[in-house]
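Descriptive structure summary
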Amino acid sequence: MAETNHFNSVFELAEQHDGKQNHHPRVFLERIEKKTDVKAWVVKKVKKKCSCTTAKAKDLIFSFLPVLKWLPKYNVKENILGDLMSGLIVGILLVPQSIAYSLLAGQEPIYGLYTSFFASIIYFLFGTSRHISVGIFGVLCLMIGEVVDREIQRAGYDLDSHVYINNSSTLGPLTVNQTSQTLCDKSCYAITVGTTVTFIAGIYQVAMGFFQVGFISVYLSDSLLSGFVTGASFTILTSQAKYLLGLDIPRSNGIGSFITTWINIFRNIHKTNFCDLITSFLCFLVLIPTKELNERYKSKLKAPMPTELLVVIVATLASHFGKLKENYGSSVSGHIPTGFLPPQPPDWSLIPSIALDAVAIAIIGFAITVSLSEMFAKKHGYTVKPNQEMYAIGFCNIIPSFFHCITTSAALAKTLVKESTGCRTQISGVVTALVILLVLLVIAPLFYSLQKCVLGVITIVNLRGALRKLGDLPKMWRLSKVDTVIWTVTMLSSALISTELGLLIGVCFSLLCVVLRTQRPEGHLLGWVPDSEIYEPLPAYKDLQTKPGIKVFRFEAPIYYANKESFKSMLYKQTGVNPVWELAAKKKTEKQRENCGKTASTNGNQAETSVQLVTQQFEFHTIVIDCGAVQFLDTAGIHTLKEVHKDYGEIGIQVLLAQCSPSVRDSLHQGEYVKKGETKFLFHSVYQAVEYALCASKQNGCCVSEGQCRGKNHTEC
């Protein structure tokens, strides 16, 4: 292994021999020592946070309420037509969906309308995205519905009771001393549970915005979220199947509810209500083709056809005048009151039992909202503030929870409709809220005779986008096999186990995949691109050249405790020399020499029986490790590099490191891989390291003065 104290001289001679003037720095620059005065830093931060000026107060108010900043600049002439059109259309679409998703959350239809109304108004005040549609969302409704059913069972309510008592004075569970008040049945307790979950989820989201922990969303990759939504869509479809068939079966909860529900459906299939079945079939026959036409010709249509609303109106009229409930026993929505209920606080006693459930709901809600906000902001050339978006969606849950609303978030399908119909600003959300307000104040009671199977069909039809992801699996597999496996695991666990556990399993599996990908990364020998300073993998490109006596190896991952053995085994395999085995063979040979020497001395014939042992000569004398892809080293990684350096050095092969980042160089210095100020084993580029090795080994014909290059065996000058 070459050892020199005059790196600059040697490298300069290598440059002269190459006939080029390299502009790379020959030595590493001296790092600036960062001395942090903790006291001064704390004082500076406190002064900055606590200081109050007019400009700072104004910025704080405008950042907290973005509407104050953009609304005074609103261009009525340019924006009002698009905002009115998109708000009106989204409002029309939201009415039937809000009613349908209420059933999914285990609530009465009126609460879905409340939710969409308040969410649209509050996001108008706090949101920074101009295009997303915030309101009731199917996946979150499913998660809330599971919590609601579980708490209703714990409270001992009769799950077969479907009577709704519209009384605003009692929105909590019945107690013995409430004999003077109107009794509160299952529906009252259901909305109490729903609003409490919504309140806690909103608190979590605001806290995440305050502590700026939006980085949590990076653990929810696109493939993971897509798999989760698809898996939840299967669960939603399963929960609505009983309405399509008109079956009155209890809702299954917990692990394996997907399978349990289908078992109950097939056990009771003989009780199918044929009136509901025929109605469901006719609704599918109308909705699916028109939805497909809307998507296919969305670029030509000024607005999508409001087929859902037309189906709801026609189905309600048919049910009312045909007396389907009385004559055929069809299940209908029932009385939907007008107006608003007085505000009520959440049930604080429920918080301990639902606090953990609210975590998953909060994370899914803000992850979908933030990702959609950033996606449409990038598409239309403006910026959104992720932390403010978390505040906005948090307040869209906290404030409405006092007005009998359930958890909200952005939804892709309605956001796409909103964007495609000309939405320009958040004013569109106000128009949507006005449409829902009209329904709440006047039209809601007219939906009394609407069959629940129609709402189930609307819910299932809106799952088409998520279920269609199954057809994209072959394409996803070609793009990334790992993402496809993550998608499949998350989807299956969300559907077959439960939504909350499915999300947790998906996150854990995704992190495991990251670890495995760094644990078994790729490693290649590199070749030189002629007439350049570039080195590329030999298996990937043609016409690459190798320098005599030098192996260049690239490891495409950090070197840490989980992959240190993979690094060594890959290096040994690629170079063809395992220094551990070579050292063991050398020791064995030396031991044989000693034994033979003793035997010959005893017999007095040493010259004739002595074993001539020749040191193993390798086809290379230097290994250059390209560390450009090594983002970090832990303690195990440093020890591994030191071990490799030492083992190869003992068999006469020097190891040089190239393209180490400053943080990696710091780790090497702190781990005493090289002494402070010593740079002979570290190089800025692979090209520099190779030129140094060529000069030091005299393979390139360069002659170095004695004392400038000292080594052993083939590296001797």
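Counting restarts for each chain: residues are numbered from 1 in the order of the written sequence. Since the coordinates come from a predicted model, pLDDT governs what is reported: local features require at least 70, and pairs of side-chain atoms require 80 or more to be given and counted, while whole-chain, interface and lining totals use all residues. To get the side-chain values, take all heavy atoms of the structure and skip hydrogens and water.

This next bit is on a nonpolar patch on the surface. Nonpolar side chains (Val, Leu, Ile, Met, Phe, Trp, Tyr) are joined into patches within 5 Å and like charges within 9 Å, using only residues with over 30% relative accessible area and no salt bridge. Accessible surface area values rest on a Shrake-Rupley calculation with a 1.4 Å probe, where residue burial reflects the displayed protein chains alone. Should a side-chain nitrogen of Lys or Arg be within 4 Å of a carboxyl oxygen of Asp or Glu, the pair is scored as a salt bridge. There is a patch of nonpolar side chains on the surface, built from Phe-274, Leu-277, Ile-278, Phe-281, Leu-282, Leu-285 and Val-286 and spanning about 700 Å² of accessible area. Relative to the elements of secondary structure, Ile-278 occurs in helix 11 (residues 274-296). Numbering of helices and strands starts at the N terminus; helices are DSSP runs of H or I of at least 4 residues and strands are runs of E of at least 2.

It is the contact of helix 23 (residues 564-575) with helix 26 (residues 635-650), at a shortest axis distance of 10 Å, that shows an interaxial angle of 30°. In terms of orientation, helix 23 and helix 26 fall into the roughly parallel class. Where helix 23 crosses over helix 26, the two elements pack in a sense that is right-handed. Within the contact between the two elements, helix 23 uses Lys-564, Phe-567, Lys-568, Leu-571, Tyr-572 and Thr-575 and helix 26 uses Ala-636, Thr-640, Leu-641, Glu-643, Val-644, Asp-647 and Tyr-648. Put simply, Ala, Val, Leu, Ile, Met, Phe, Trp, Tyr, Cys and Pro go in the nonpolar bin, Asp, Glu, Lys and Arg in the charged bin, and everything else, Gly too, in the polar bin. Across the contact of helix 23 with helix 26, the residue classes break down as 7 nonpolar, 2 polar and 4 charged. Simply put, an axis is a line fit to the C-alpha atoms, just over the touching stretch for a helix, and the angle between two N-to-C directions goes from 0 to 180 degrees. With respect to orientation, any angle under 35 degrees is reported as roughly parallel, any angle over 145 as roughly antiparallel, any angle of 65 to 115 as roughly perpendicular, and every other angle as oblique. Crossings are assigned a handedness: left-handed for a near helix turned anticlockwise from the far helix by less than a right angle, right-handed for a clockwise turn. Any pair of residues with heavy atoms lying within 4.5 Å of one another is described as a contacting pair.

Right, let's get into unusual backbone geometry. The backbone of Lys-323 shows a phi angle near 50°, a positive value even though the residue is not glycine. Locating Lys-323 in the fold gives a position in the loop between helix 12 (307-322) and helix 13 (324-328). Here Asp-543, not a glycine, exhibits a phi torsion of approximately 60°, which is positive. For Asp-543, a relative accessible area of 70% gives the class exposed. Buried residues are those whose accessible area, probed at 1.4 Å on protein chains only, stays under 20% of the maximum for their type, while exposed residues exceed 50% and partly exposed ones sit between those limits.

The next thing to look at is the side chain of Thr-407. With respect to the helices and strands, Thr-407 occurs in the loop between helix 15 (386-398) and strand 2 (408-410). For Thr-407, a relative accessible area of 0% gives the class buried.

Attention now moves to the UniProt feature "transmembrane region" (unreviewed entry) in the chain. Under the UniProt annotation, the feature "transmembrane region" (unreviewed entry) is placed at residues 80-104, 110-126, 188-207, 213-237, 350-370, 391-413, 433-463 and 484-512. The straight-line gap between the two end C-alpha atoms of residues 433-463 is 24 Å; of that span, 68% is helix and 0% is strand. Taken end to end, residues 484-512 comprises 93% helix and 0% strand; its first and last C-alpha atoms sit 14 Å apart. UniProt positions are given in the numbering used here, feature names are shortened, and annotations may be inferred rather than shown by experiment.

Another point: the sheet that holds strand 6 (residues 622-626). Spatial strand order, 4-3-5-6-7-8: 6 strands in an open sheet with mixed pairing. Each edge of the open sheet is held by one strand with a lone partner, namely strand 4 (535-537) and strand 8 (682-683). At least two bridges found by DSSP between two strands is the condition for calling them paired. In this structure, strand 3 (residues 523-528) lies alongside strand 5 (residues 550-555), joined through 3 bridges in antiparallel fashion. For His-524, the partnering residue across the bridge sits in strand 5 and is Arg-554. Across the sheet, helix 23 touches strand 3, strand 5 and strand 6, and the angle it forms with strand 5 is around 145°. In the packing of helix 28 (residues 686-697) onto the sheet, contacts are made with strand 3, strand 4, strand 5, strand 6, strand 7 (654-658) and strand 8, and the angle to strand 7 comes to roughly 155°.

Whether a set of points on the 1 Å grid over the protein atoms alone is a cavity depends on a 1.4 Å probe fitting there but being unable to get out, while an open set qualifies as a pocket with protein on both sides within 12 Å along at least five of seven lines; lining residues are those with an atom within 4 Å of a point. Grid points are joined across faces, edges and corners, and a volume is the space filled by probe spheres set on the points. Enumeration over the complete set of coordinates arrives at 4 cavities of 30 Å³ or more. In this structure, the largest cavity is lined by 13 residues; those nearest its centre are Thr-238, Ser-239, Arg-251, Ser-252 and Thr-261. Broken down by secondary-structure element, the contributors of at least two residues to the lining of the largest cavity are helix 7 (138-155), helix 9 (222-245) and helix 10 (257-267). With 4 residues, the single largest contributor to the lining of the largest cavity is helix 9. Class assignment for the residues of the lining of the largest cavity results in 4 nonpolar, 6 polar and 3 charged. By volume, the second largest cavity amounts to about 110 Å³. Taken together, 14 residues line the second largest cavity, and the ones lying closest to its centre are Ser-120, Ile-132, Val-134, Lys-418 and Gly-429. Taken together, the elements giving at least two residues each to the lining of the second largest cavity come down to helix 6 (109-126) and helix 17 (427-443). Sort the elements by how many residues they give to the lining of the second largest cavity and helix 6 lands first, with 3 residues. Its residues assigned to classes, the lining of the second largest cavity shows 5 nonpolar, 7 polar and 2 charged.

Another point: a positive patch on the surface. Residues scored as positive are Lys and Arg, those scored as negative are Asp and Glu, and His as well as the terminal groups of each chain are ignored. To locate a charge, take NZ of a lysine, CZ of an arginine, CG of an aspartate or CD of a glutamate. On the surface, a cluster of positive charge is made up of Lys-58, Lys-69, Lys-73 and Lys-385. With respect to the helices, strands and loops of the structure, Lys-58 is situated in helix 3 (residues 54-64).

Glancing now at helix 10. All of the buried residues in helix 10 are Ser-257, Phe-258, Thr-261, Asn-264 and Ile-265. Across the axial projection of helix 10, the buried residues extend over an arc of 130°, all falling on one side. Every exposed residue of helix 10 that faces more than 90 degrees away from the buried side is listed here: Phe-266 and Arg-267. Directions pointing from the helix axis toward each C-beta atom define the arc.

Let us now look at the nonpolar core. Nonpolar cores were defined as sets of buried Ala, Val, Leu, Ile, Met, Phe, Trp, Tyr and Cys residues, with membership established by side-chain atoms within 4.5 Å. Ranked by size, the top nonpolar core spans 106 residues in total, and within it Leu-113, Leu-220, Phe-447, Val-454 and Leu-503 carry the most contacts. With 13 residues, the single largest contributor to this core is helix 14 (residues 351-380). Dropping the residues within four chain positions of it, Leu-113 is found in contact with Val-95, Ser-98, Ile-99, Ile-436, Val-439 and Leu-440. Residues Leu-571, Val-577, Val-630 and Leu-641 belong to the second largest nonpolar core, which totals 31 residues.

For a regular strand, side chains alternate in direction, first toward one face of the sheet and then toward the other. In terms of residue burial, strand 3 counts as a mostly covered element, since 6 of its 6 residues are buried. The alternating pattern of strand 3 places Gly-523, Leu-525 and Gly-527 and His-524, Leu-526 and Trp-528 on opposite faces, both of which are buried. Alignment of strand 3 against strand 4, held across 3 bridges, turns out to be antiparallel. By the bridge assignment, Gly-527 is partnered in strand 4 with Glu-536. What sits between the antiparallel neighbours strand 3 and strand 4 is a turn of 6 residues, in which Asp-531 has the positive phi angle 60°.

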